[in-house]
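If you want the building blocks of each chain, they are given just below.
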Amino acid sequence: MSNQPDKFSHRVARPQTLAGAMGGLMRRFGFRASDADLAARWTEIMGSDIAAIAQIAAIKKMRDGRYNIAIRPLNPAFTLQLSYMTDEITKKLNNYFGRAAIGKISFRK
């Protein structure tokens, strides 16, 4: 056959779990967390006053690396109140991402 040594006869590195490998990739490419994590931690991030009247509807990452966030008020009457709180919401989300990551906040019915 061949006189070359077998490359697969000994282990070079320990096997990783899928979660460990994905976490490394997420850190490498700069992802803070998944959309599901942001939605699951919405009450913790926003606080009880905002979380009681609104839910996150969508997250879209733009080409410049910033995010457009769509928020759905639990009652359409809260849309005006939430629009006055846009700066506070942006500040809390930027704090969660650890940078100026929010490009636009919009509201859905």
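Residues numbered from 1 in each chain as written. Predicted model: local features only at pLDDT ≥ 70, side-chain atom pairs only at ≥ 80, totals over all residues. Heavy atoms only, no water.

**Observations concerning the pattern of salt bridges**
Part 1 of the argument: With the rule as written, the count across this model stands at three salt bridges.
Part 2 of the argument: Measuring nitrogen to oxygen at the nearest pair gives 3.8 Å for the salt bridge that ties Asp-37 to Arg-41.
Part 3 of the argument: Accessibility expressed as a relative area gives 26% for Asp-37, which makes it partly exposed.
Part 4 of the argument: Here the salt bridges do not stand alone but share partners, grouping Asp-37, Arg-41 and Glu-44 into one network. (Salt bridge = Lys/Arg side-chain N within 4 Å of Asp/Glu carboxyl O. Buried < 20%, exposed > 50% of the residue type's maximum accessible area, 1.4 Å probe, protein only.)

**Some details on the sheet that holds strand β1 (residues 54-61)**
Part 1 of the argument: Pairing in this open sheet of three strands is mixed, and the strands run β1-β2-β3 from one edge to the other. Both edges of this open sheet fall to β1 and β3 (102-107), since each of them pairs with a single strand only. Mean inter-strand twist for the sheet, computed between neighbouring axes without regard to direction, equals 20°.
Part 2 of the argument: The pairing of strand β2 (residues 67-73) with β3 spans five bridges and is parallel. Residue Tyr-67 lies in a different strand from β3, and its bridge partner there is Ile-102. (Pairing = 2+ DSSP bridges. Helix = DSSP H or I, 4+ residues; strand = E, 2+ residues; numbered from the N terminus. Axes fitted to C-alpha atoms, helices over the stretch in contact; angles between N-to-C directions.)

**Concerning the side chain of Asn-94**
Part 1 of the argument: Tracing the backbone through its elements, the reader meets Asn-94 in helix α6 (residues 86-97).
Part 2 of the argument: According to the relative accessible area criterion, Asn-94 is buried, its value standing at 18%.
Part 3 of the argument: Among residues more than four places away in sequence, those in contact with Asn-94 are Arg-99, Ala-100, Ala-101 and Ile-102. (Contact = heavy atoms within 4.5 Å.)

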